[in-house]
Amino acid sequence: QVQLVESGGGLVQPGGSLRLSCVASGRSIFSVYNMGWYRQAPGEQRELVAAIKWGGSTNYVDSVKGRFTISRDNAKNTVYLQMNSLKSEDTAVYYCNADIQTSLRIPSKNYWGQGTQVTVSS
């Protein structure tokens, strides 16, 4: 069974920083391809915040460019989101997402983490 386990959320003041982590775990992970972070604020649709391919190329939603950095450690099947200069509008539940192949003969599937709350407030 494959799981994405997030950590690092919490309460931070405006202008502060947080670092989210997400580990893909399971006995049968063959390869992890695209990984990304989404967020969903109350009453809003879930949106892509940042994504990173296995080779390291990245893309970001315009509202976080220059403030957030996504990175990954392929050896640890882990993706990170460094969030700096946080604003109140960054408040949301942040979800990890990944395309994971569990066997060479089975196509990759898309998985979601359980979500971690990020609250930016004074």
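See above for the structure.
A few points on the structure. (Residues numbered from 1 in each chain as written. Predicted model: local features only at pLDDT ≥ 70, side-chain atom pairs only at ≥ 80, totals over all residues. Heavy atoms only, no water.)

1. Details of the sheet that holds strand S7 (residues 68–73)
Next, step 1: Read across the sheet, four strands follow the order S1-S3-S8-S7 without closing on themselves; strand pairing throughout is antiparallel. Only two strands of the sheet have a single neighbouring strand rather than two, namely strand S1 (3–7) and S7. Adjacent strand axes in the sheet meet at a mean angle of 15 degrees when their direction is disregarded.
Next, step 2: Of the strand pairs in this sheet, S7 and strand S8 (residues 78–83) are connected by six bridges, and their pairing is antiparallel. Following the sheet pairing, Ser71 is matched in S8 by Tyr80. (Pairing = 2+ DSSP bridges. Helix = DSSP H or I, 4+ residues; strand = E, 2+ residues; numbered from the N terminus. Axes fitted to C-alpha atoms, helices over the stretch in contact; angles between N-to-C directions.)

2. A few points about unusual backbone geometry
Next, step 1: Its identity is not glycine, yet Asn77 carries a phi of approximately 50 degrees, on the positive side.
Next, step 2: Along the polypeptide, Asn77 turns up in the loop between S7 and S8.

3. Thoughts on the nonpolar core
Within soluble globular proteins, side chains that are nonpolar tend to cluster in buried spots.
Next, step 1: If you look at the biggest cluster of nonpolar residues, it comprises 28 residues, and the most contacted ones within it are Trp37, Phe68, Val79, Leu81, Met83, Tyr94 and Ile100.
Next, step 2: Only strand S3 (18–25), strand S4 (31–40), strand S5 (47–52), S7, S8, strand S9 (92–101) and strand S11 (116–120) provide two or more residues apiece to this core.
Next, step 3: The greatest single-element share of this core, amounting to five residues, is contributed by S9.
Next, step 4: The contacts of Met83, once residues within four sequence positions are left out, are Gly16, Ser17, Leu18, Leu20, Arg67, Phe68, Tyr94 and Val118. (Core = buried A, V, L, I, M, F, W, Y, C linked by side-chain atoms within 4.5 Å. Buried < 20%, exposed > 50% of the residue type's maximum accessible area, 1.4 Å probe, protein only. Contact = heavy atoms within 4.5 Å.)

4. Looking at the state of the cysteines
Next, step 1: Throughout the structure, instances matching the rule amount to one disulfide.
Next, step 2: For Cys22, the disulfide goes to Cys96, at an S-S distance of 2.1 Å. Of note, the bridge from Cys22 to Cys96 carries an S-S torsion of about -85 degrees and is left-handed in sense. Of the two residues, Cys22 is situated in strand S3 and Cys96 in strand S9; the sequence distance between them amounts to 74 residues.
Next, step 3: Accessibility expressed as a relative area gives 0% for Cys96, which makes it buried. (Disulfide = S-S within 2.5 Å.)

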